[in-house]
Amino acid sequence: MSDVQVPELRVDIDRETALGKYANFAIFSHQKNEFYLDFALMQPGTQPNQVVALVTSRIITSPQHAKALLRSLAENIQRYEETYGAIPEPGDTSKA
């Protein structure tokens, strides 16, 4: 058996990125080699019956990373719900 050393991963983040961006709406799309994840702030528009969604962040990633993100997000949601209880589905007012 060989002794394979796994390098330590160091993740740095600058101050502006660390502040994050709020999003309450997302649009996902793809083409053969890339997935596009657009996160937006949806708010009322200036006209009646109008809603405006301003994209605040766009992530472009490979299909492999998109699939890994999906799996990681599902695992984190499961651990969250084990700790804090079920997250209500959008539009589910029975648990609000």
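The protein chain has the name DUF3467 domain-containing protein in an unreviewed UniProt entry, where Meiothermus luteus is given as its organism.

Asks: Help me understand the packing of aromatic side chains, please; the structure alone is not making it clear to me.
Replies: Geometrically, a pair of aromatic rings is defined through the distance of the ring centres and the angle of the planes. What the rule picks out here adds up to two aromatic pairs. Relative to Phe39, the ring of Phe28 lies with its centre 6.0 Å away and its plane at 75°, an arrangement referred to as edge-to-face. Residue Phe28 is found in strand β1 (residues 25-31), and its partner Phe39 is found in strand β2 (residues 34-44); the two are separated by 11 residues along the sequence. On the accessibility criterion, Phe28 (54% relative accessible area) is exposed.

Asks: Teacher, can you tell me more about the environment of Arg58 here?
Replies: Inspection of the secondary structure assignment puts Arg58 in strand β3 (residues 51-61). Taking the C-alpha atoms as reference, Arg58 lies 31 Å from Val6; in sequence the two are 52 residues apart. Contacts of Arg58, omitting those with residues within four sequence positions, involve Tyr36, Leu37 and Asp38. Only 2.6 Å separates the side chain of Arg58 from the side chain of Asp38, close enough to count as a polar contact.

Conventions adopted
Residues numbered from 1 in each chain as written. Predicted model: local features only at pLDDT ≥ 70, side-chain atom pairs only at ≥ 80, totals over all residues. Heavy atoms only, no water. Phe/Tyr/Trp six-rings, centres within 6.5 Å; stacked < 30°, edge-to-face > 60°. Helix = DSSP H or I, 4+ residues; strand = E, 2+ residues; numbered from the N terminus. Buried < 20%, exposed > 50% of the residue type's maximum accessible area, 1.4 Å probe, protein only. Contact = heavy atoms within 4.5 Å. Polar contact = N/O pair within 3.5 Å; in protein donor to acceptor, adjacent residues only side chain to side chain.

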